[in-house]
Amino acid sequence: MSPYILATLLFSLGLGTTITFASSHWLLAWMGLEMNTLAIIPLMAQNHHPRAVEATTKYFLTQATAAAMLLFASTTNAWLTGEWNIEQMTHPVPTTMMIIALALKIGLAPVHAWLPEVLQGLDLTTGLILSTWQKLAPFALLLQIHPTDPTILIGLGLASTLVGGWGGLNQTQLRKILAYSSIAHLGWMILILQFAPSLTLLALLTYFIMTFSTFLVFKLNKATNINSLATSWAKTPALTALTPLILLSLGGLPPLTGFMPKWLILQELSKQDLAPVATVAALSALLSLYFYLRLTYAMALTMSPNNLTGTATWRLPSLQLTLPLATSLIATLCLLPLTPAATALLSF
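Residues numbered from 1 in each chain as written. Predicted model: local features only at pLDDT ≥ 70, side-chain atom pairs only at ≥ 80, totals over all residues. Heavy atoms only, no water.

In the annotation of an unreviewed UniProt entry, the entry for the protein chain reads NADH-ubiquinone oxidoreductase chain 2, and the organism field reads Scomber colias.

## Some remarks on the overall build of the protein chain
This is how the line gets drawn: To qualify as a helix, a DSSP run of H or I must reach at least 4 residues; to qualify as a strand, a run of E must reach at least 2; elements of each kind are numbered from the N terminus. The quantity called the radius of gyration is restricted to C-alpha atoms. Its globule counterpart is 2.2 Å times the number of residues to the power 0.38. When accessible area is computed with a 1.4 Å probe and restricted to protein chains, residues below 20% of their type maximum are described as buried, those above 50% as exposed, and intermediate ones as partly exposed. Two residues qualify as a contact provided that any one of their heavy atoms is within 4.5 Å of a heavy atom in the partner residue. Areas reported here follow the Shrake-Rupley algorithm with a probe of radius 1.4 Å; residue values treat only the protein chains shown as occluding.
Looking only at helices and strands, one finds 17 helices and zero strands in the protein chain. Against the 2.2 N^0.38 benchmark of 20 Å for 348 residues, the protein chain shows a C-alpha radius of gyration of 20 Å, consistent with a compact globule. Dimensions along the principal axes, computed over C-alpha positions, put the protein chain at roughly 70 × 50 × 35 Å. In the protein chain, which comprises 348 residues, the share counted as buried stands at 54%. A separation of at least 24 residues holds for 78% of the contacts in the protein chain among residues at least 6 apart in sequence. Accessible area for the protein chain stands at about 15,200 Å²; split by element, carbon and sulfur atoms hold 71% of it.

## Let's talk about the domain arrangement of the protein chain
Frequently, the measure chosen for interface size is the accessible area removed from exposure when the parts meet. Note the following rule: Delimitation of the domains relies on an automatic or database domain assignment. The term buried area denotes the loss of accessible surface (1.4 Å probe radius) that occurs when two parts are joined, taken as the sum for both partners. Note on definitions: salt bridges are taken to be side-chain nitrogens of Lys or Arg within 4 Å of carboxyl oxygens of Asp or Glu. A 3.5 Å cut-off defines polar contacts: any pair of N or O atoms within that distance qualifies, except that in protein one atom must be a possible hydrogen donor and the other a possible acceptor, and neighbouring residues in sequence count only when both atoms are side-chain atoms. Basically, the charged four are Asp, Glu, Lys and Arg, the nonpolar ten are Ala, Val, Leu, Ile, Met, Phe, Trp, Tyr, Cys and Pro, and anything else, Gly included, counts as polar.
What the domain assignment lists for the protein chain is domain 1 (1-123) and domain 2 (149-305 + 321-347). Look at where the C-alpha atoms of domain 1 and domain 2 centre, and you get two points 24 Å apart. Domain 1 puts 17 residues into the contact, and the matching count from domain 2 is 18 residues. Summing both partners gives a buried area of about 1,500 Å² for domain 1 against domain 2, and 75% of it is carried by carbon and sulfur. Together, Leu108, Ala109 and Gln120 form the three largest contributors to the area buried by domain 1 at its contact with domain 2, with a combined 37%. Viewed at the interface, domain 2 and domain 1 are joined by one salt bridge. When the shortest N-O distance is used, the salt bridge between glutamate 117 and lysine 176 registers 3.5 Å. Connecting domain 1 to domain 2 are four residue pairs in polar contact (both at pLDDT 80 or more). Classifying every residue of the side of domain 1 that touches domain 2 gives eleven nonpolar, four polar and two charged.

## Some words on helix 8 (residues 151-167)
Think of an α-helix as turning once every 3.6 residues; residues three or four places apart then point the same way. Rules: For a helix, the expected span equals 1.5 Å multiplied by the residue count minus one.
If you check helix 8, its first and last C-alpha atoms are 23 Å apart, about what 17 residues at 1.5 Å a residue would give, namely 24 Å. Listing the buried residues of helix 8 in full gives Leu153, Ile154, Leu156, Gly157, Leu158, Ser160, Thr161, Gly164, Gly165 and Gly167. Buried residues along helix 8 sit in contact with helix 4 (92-106), helix 9 (174-193) and helix 15 (275-300).

## What about the environment of serine 288?
Tracing the backbone shows serine 288 in helix 15. Setting aside chain neighbours within four positions, we find serine 288 in contact with Gly164, Gly165 and Ala184.

## Side note on the UniProt feature "transmembrane region" (unreviewed entry) in the protein chain
The following threshold applies: UniProt positions are given in the numbering used here, feature names are shortened, and annotations may be inferred rather than shown by experiment.
Residues annotated in UniProt with the feature "transmembrane region" (unreviewed entry) correspond here to residues 60-80, 92-115, 151-170, 177-196, 202-221, 233-254, 274-293 and 323-346. What you have in residues 60-80 is 100% helix and 0% strand, and the ends, taken at the C-alpha atoms, are 30 Å apart. As annotated, residues 177-196 has a helix share of 85% and a strand share of 0%, and its two end C-alpha atoms lie 28 Å apart.

## Brief notes about the packing of helix 6 (residues 124-131) against helix 10 (residues 197-220)
Defined as follows: Angles here are taken between N-to-C directions and fall from 0 to 180 degrees, while the axes themselves are lines fitted to C-alpha atoms, restricted in helices to the stretch in contact. Every angle not falling under 35 degrees, over 145, or within 65 to 115 is termed oblique; those three ranges are roughly parallel, roughly antiparallel and roughly perpendicular.
Axis separation between helix 6 and helix 10 bottoms out at 10 Å; the angle between their running directions is 170 degrees. Judged by the angle between their axes, helix 6 and helix 10 are roughly antiparallel. Contact residues: Leu124, Thr125, Gly127, Leu128 and Ser131 in helix 6; Tyr207, Phe208, Thr211, Phe212, Phe215, Phe218 and Lys219 in helix 10. When grouped by side-chain class, the residues that make up the contact of helix 6 with helix 10 number seven nonpolar, four polar and one charged.

Following this line, the structure appears as structure tokens:
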């Protein structure tokens, strides 16, 4: 792809998200989301592979459906209340429709089925943009909607944590595992959205950092399935020793960064007298932890000759910059002691 076209598309991606961030009117927010969708589609289809084209088509259809639903919900709200302002979603019917439309945008369960399929058809760089940047604009809108009854958000959150845990158990493709990991993490964020929006932001930030590290590690190793991880110790021994820690941080184990949002979310849910919800969420985290441990086992605990049928790939020097990975890796592993600073910064 021409660097000029790439720069234009990336600029459009950034502009779409910024428009949605800055908007207080539903039509402007919708326009930002549409710009976002249209800018990422050429990036997704640039490989001209049948799987990439299929993934792009699926993504376009789901995003178009969500955008139409969002427009319908905002029009209904204007019809019922006379308000186009994002903060003024007072009627329960358009509010519920809007939450479901935004859930479809980001891939929350039970409207999550497109996410693993789409991510599987993309290369790791575009997959990283889809898993991180594309979540920002819908989350900005979700943070501004205040439903009178938080039941729908708790239902979506619990369904997502459970589906994200169960769905990834039997997968061998790394991109599908990362998609289910994304669904589970988004579930945690939605659970707490109504009670402590600052914790949602904290969870989103830590998820971005950890996912960024994971995608860059897989990209450096050119790994797309579990078997290809088995030979990574011969290519990058130091990184292979650190990758299990990144995966365990994604799983939420102390003393790693990923423990911070889970710990604070469970604490806040308990304060809100939602102990059963906190228990189910904590148990669903064990399901996610299991498939991270599977990746850890395949990557670090199987030396050749091993019991995985991993074929050695042709070892070419990687042209990938290692500074972004090094920076995000430190953040993925070492931010837990900064919990008080992070909560103070994000509390508003």
